[in-house]
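Letter by letter, the chains look like this.
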Amino acid sequence: MNTPLNAVPEPSNSQAVAPAVSETRPFYWSVRREVWENRSIYIALLAASAVYLIGYTISVFWVPRGMHGMGADESTPLIVQLAMPYAHAQMLLALTAFLVGIFYSLDALHGERRDRSILFWKSLPVSDLTTVLAKASIPLVVLPLLVFVIALALQIVMQLEGAAFRVLSGASTTAPWGPPFFEMQLVFLYSLVVMALWHAPLYMWMLLVSGWPRRATFLWAVFPPLALAVIEYIAFHTTYLATMLHSRLLGFDALAFDLVDKNGVPIDPHFIPLAQLAPARFLSSPGLWLGLLFAALCLAGAVKLRRYQGPI
């Protein structure tokens, strides 16, 4: 049978899949836009790593050899002493990323309204949900990935400098000259995932707050919970809210890690073995899921605010 000339051919499987794949493009480009428009996301991390590398290089090559052992504690295991410089680099970058994530979230929606760019971005075929999810992914996904990659590169350079120093100084090549590198990276990656999940309510609260005030977003985000904590203490002489806020900042370590070994000896946080990780206990913690529920509510509120708020 001859096919009519005006017949429309049925789409092939590849053509049918194409629309589903293209639905992710607005989110992808929205995330890239956030990175392009907020260079502090990676500049702050690179600056912190450069500062640390300069200090480490000076301590390795220009500090007299006799001073290298002045701060050594004989009671501290050798593996912990070797891990300290690498752990300090990881802590510095993680702290920098946390601060960048907080200030980014505080300015995420407020900056659009202040610069009146919200009128332009709303004119594009990108939904408010996609835009807000892209902004939320910066502190929750992009920053942890950047921290891990930059910290890995920094520690590789540190290992090369340490090896060069040992060769130039004629030190013994049989003694260990660094901690278990691969194990430290796995523990650090796990720590970044844990911190992102645990701090998600803080980031999403800041994102929500950034959508409604005309100015002073930091005060609007910080003053209400602090005021409630003070009122609670004065009225009831209790500190439940203050304890909850403190736990939301620093309470992840007791849940995600076994900080005491089998013999009851505390684990030094500079080097945590893989055996001391406790992902099951962390994932089964009610505090984690209540925090994620609060983060989801704040995220939904931020979508609503962006939909109806105009420029400042």
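You'll find the structure just up there.
As the structure is a prediction and not an experimental result, all values here were calculated from the model.

Reading the values: rules and limits
- All residue numbers refer to position in the chain's written sequence, counted from 1.
- A pLDDT threshold of at least 70 governs which residues receive local features in this predicted model, and a stricter bar of 80 or more applies before side-chain atom pairs are shown or counted, although totals over entire chains, interfaces and linings include all residues.
- Derived side-chain values reflect all non-hydrogen atoms in the structure, with water molecules and hydrogen atoms excluded from consideration.
- Elements are defined by DSSP. Helices are runs of H or I of four residues or more, strands are runs of E of two residues or more, and each kind is numbered from the N terminus.
- When accessible area is computed with a 1.4 Å probe and restricted to protein chains, residues below 20% of their type maximum are described as buried, those above 50% as exposed, and intermediate ones as partly exposed.
- The contact rule is simple, with two residues in contact once any of their heavy atoms fall within 4.5 Å.
- Accessible surface is estimated by sampling points in the Shrake-Rupley manner with a 1.4 Å probe; for residues, cover comes only from the protein chains shown.

S.K.: Now, about the overall build of the protein chain: what can you tell me, with residues and values included?
M.R.: Within the protein chain, the secondary structure is distributed over 13 helices and zero strands. Out of the 312 residues belonging to the protein chain, those deemed buried represent 38%. Sequence-distant contacts, at least 24 apart, represent 80% of the contacts inside the protein chain between residues at least 6 apart. Accessible surface for the protein chain amounts to roughly 18400 Å². Of this, 71% is attributable to carbon and sulfur atoms.

S.K.: Account for unusual backbone geometry, with residues named and values stated.
M.R.: In this structure, Ala-216 takes a positive phi of about 55° despite not being glycine. Relative to the assigned elements, Ala-216 resides in the loop between helix H8 (200-209) and helix H9 (217-236). A positive phi angle, near 60°, is found at His-237, a position not held by glycine. On the secondary structure map, His-237 appears in the loop between H9 and helix H10 (240-250). You can call His-237 exposed: its relative accessible area is 62%.

S.K.: Any chance you could break down the environment of Gln-159 for me, citing the residues and the numbers?
M.R.: Relative to the helices and strands, Gln-159 is located in helix H6 (residues 128-169). With 73 residues separating them along the chain, Gln-159 and Tyr-86 place their C-alpha atoms 9.2 Å apart.

Interpretation in functional terms is not warranted from these geometric data alone.
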